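Read off the chains here:
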Amino acid sequence: MSNALVIVPTYNEKENIVQIIQAVFAQPKDFHLLIIDDNSPDGTASLIKVSQNTYNNGTETKLHLIQRAGKLGLGTAYIEGFHFAINNGYDYVLEMDADFSHDPRDLNRLYLACAENGYDLSVGSRYSSGVNVVNWPMKRVLLSYFASKYVRLITGIPIHDTTAGFVCYRKQVLEKIQLDRIKFVGYAFQIEMKFLAWKYRFKITEVPIIFTDRTLGQSKMSVGIFKEGFLGVIQMTMRSWFRTFD
């Protein structure tokens, strides 16, 4: 059995899902894959089930699928995936998007940063060595870049790409963080997870990546997501003043 699980949340990703499954299993590391689908009306889950016939057999289940009743939010999808990973004995848990904005070949680098280099959390970072983003409009690049700057200013967290969704956790991080107390459900969830890992004094590193905007399917980004992050970071920081992190 593999010691590492890749979690991919999906909603209407039929254009990408089969290719992303193939790309994850093509890596030199024997990753397992959990896809959490929020009842995609485009038939994403049906394509995953067909792929399960290829990658699962009587001795090993490599491709897992959780189907949820509806669109319940990115954060809740990952939390459900984290519980699955812990309950099924995975030592390393990775997050990535389904749209190839995260290069599956970088999964190995994130994994090795934790498994061989001793880090508890590795972050696939767009901004630790300049700005490494391809095909995004300049407005969105600036918004993302300065959002991370804003988070660093408010929280003090020493991470350049605080909103990154391409990461690897040691399971000890997920066991320590009280997952059911996580407040955010949108992309600000990524900020809160990194913030709590830092507050609990886990070792964090950034692994430079090149982020490429999706070419197929539709982005799930919205103004509400950015609003949640902007206001929520202040609330999150203030709440931490009244918590102990032992």
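Structure report, in brief.

Some thoughts on unusual backbone geometry
Even without a glycine there, the phi angle at Asn 12 is positive, about 55°. Assignment of secondary structure puts Asn 12 in the loop between β1 (4-10) and α1 (17-25). On the basis of relative accessibility, which here comes to 25%, the residue Asn 12 falls in the partly exposed class. A positive phi angle, near 70°, is found at Phe 100, a position not held by glycine. The class for Phe 100 is partly exposed, based on a relative accessible area of 30%.

Let's talk about the packing of aromatic side chains
Tallied over the entire structure, the rule returns 11 aromatic pairs. Taking the centre distance of 4.5 Å and the plane angle of 35° together, the rings of Phe 25 and Tyr 55 count as tilted. Of the two residues, Phe 25 sits in helix α1 while Tyr 55 sits in helix α2 (residues 44-55), which places them 30 residues apart along the sequence. Given a relative accessible area of 14%, Phe 25 falls into the buried group. Summarising the aromatic geometry, the rings of Tyr 200 and Phe 245 are spaced 5.1 Å apart at their centres and angled 75° between planes, so their arrangement reads as edge-to-face. Of this pair, Tyr 200 sits in the loop between α7 (188-199) and β8 (204-208) while Phe 245 sits in the segment after α8 (223-240), and the two are 45 residues apart along the sequence. Judged by its relative accessible area of 10%, Phe 245 falls in the buried class. An aromatic cluster of at least three residues, connected via ring pairs, comprises Tyr 78, Phe 82, Tyr 169 and Phe 189. Its guanidinium or amino end placed over the ring of Phe 211, Arg 126 lies 5.3 Å from that ring's centre, counting from NZ or CZ. The ring of Tyr 119 has Lys 203 sitting right over it, with the charged end atom 5.2 Å from the ring centre.

Description of the environment of Val 93
Secondary-structure assignment places Val 93 in strand β4 (residues 92-95). Expressed as a C-alpha distance, the spacing of Val 93 and Arg 239, which sit 146 residues apart in the sequence, is 27 Å. Leave out the neighbours within four places in its chain, and Val 93 touches Leu 5, Ile 7, Phe 82, Ala 85, Val 167, Cys 168, Tyr 169 and Leu 174.

With respect to the nonpolar core
Formed by 41 residues in total, the largest nonpolar core has its most connected members in Ile 7, Phe 82, Tyr 169, Ile 177, Phe 189 and Met 193. The contact partners of Tyr 169, leaving out residues within four places of it in the chain, are Phe 82, Asp 91, Tyr 92, Val 93, Glu 95, Asp 120, Leu 121, Leu 174 and Met 193. Grouped together as the second largest cluster of nonpolar side chains are 28 residues, Ala 45, Met 96, Phe 166 and Ile 209 included.

Things to note about a nonpolar patch on the surface
A grouping of Leu 153, Ile 154, Ile 234, Met 238, Trp 241 and Phe 242 is seen on the molecular surface, where their side chains present a nonpolar patch of about 700 Å² in accessible area. Of all the secondary-structure elements, those providing two or more residues to the nonpolar patch are α5 (138-155) and α8. Following the sequence through the fold, Ile 234 ends up in helix α8. Take Ile 234: its relative accessible area is 35%, and that puts it in the partly exposed class.

What counts, and where the lines are drawn
- As a convention, each chain's residues are numbered from 1 in the sequence order in which they are written.
- The predicted nature of this model means local features are confined to residues of pLDDT at least 70 and side-chain atom pairs, given and counted, to a pLDDT of 80 or more, with totals for whole chains, interfaces and linings taken over all residues.
- Just so you know, side-chain values use all the structure's heavy atoms and leave hydrogens and water out.
- A run of DSSP states H or I qualifies as a helix once it reaches four residues; a run of E qualifies as a strand once it reaches two. Both are numbered from the N-terminal end.
- Exposure categories follow from relative accessible area, calculated using a 1.4 Å probe and restricted to protein chains: below 20% of the type maximum is buried, above 50% is exposed, and the middle band is partly exposed.
- Each Phe, Tyr or Trp ring (for Trp, its six-membered ring) is paired with any other whose centre lies within 6.5 Å, and the angle between the two planes then decides the class: stacked below 30 degrees, edge-to-face above 60, tilted in between.
- Note on criteria: charge over ring means Lys NZ or Arg CZ within 6 Å of the ring centre, with the direction from the centre no more than 35 degrees off the ring normal.
- Should any heavy atoms of two residues lie within 4.5 Å, those residues are counted as being in contact.
- Note on terminology: a nonpolar core comprises buried Ala, Val, Leu, Ile, Met, Phe, Trp, Tyr and Cys residues joined through side-chain atoms within 4.5 Å.
- Like charges within 9 Å and nonpolar side chains (Val, Leu, Ile, Met, Phe, Trp, Tyr) within 5 Å are joined into patches, using only residues over 30% in relative accessible area that form no salt bridge.
- Throughout, the Shrake-Rupley method with a 1.4 Å probe supplies accessible areas, and for residues the shown protein chains are the sole cover considered.
- Salt bridges are defined as contacts in which a side-chain nitrogen from Lys or Arg sits within 4 Å of a carboxyl oxygen from Asp or Glu.

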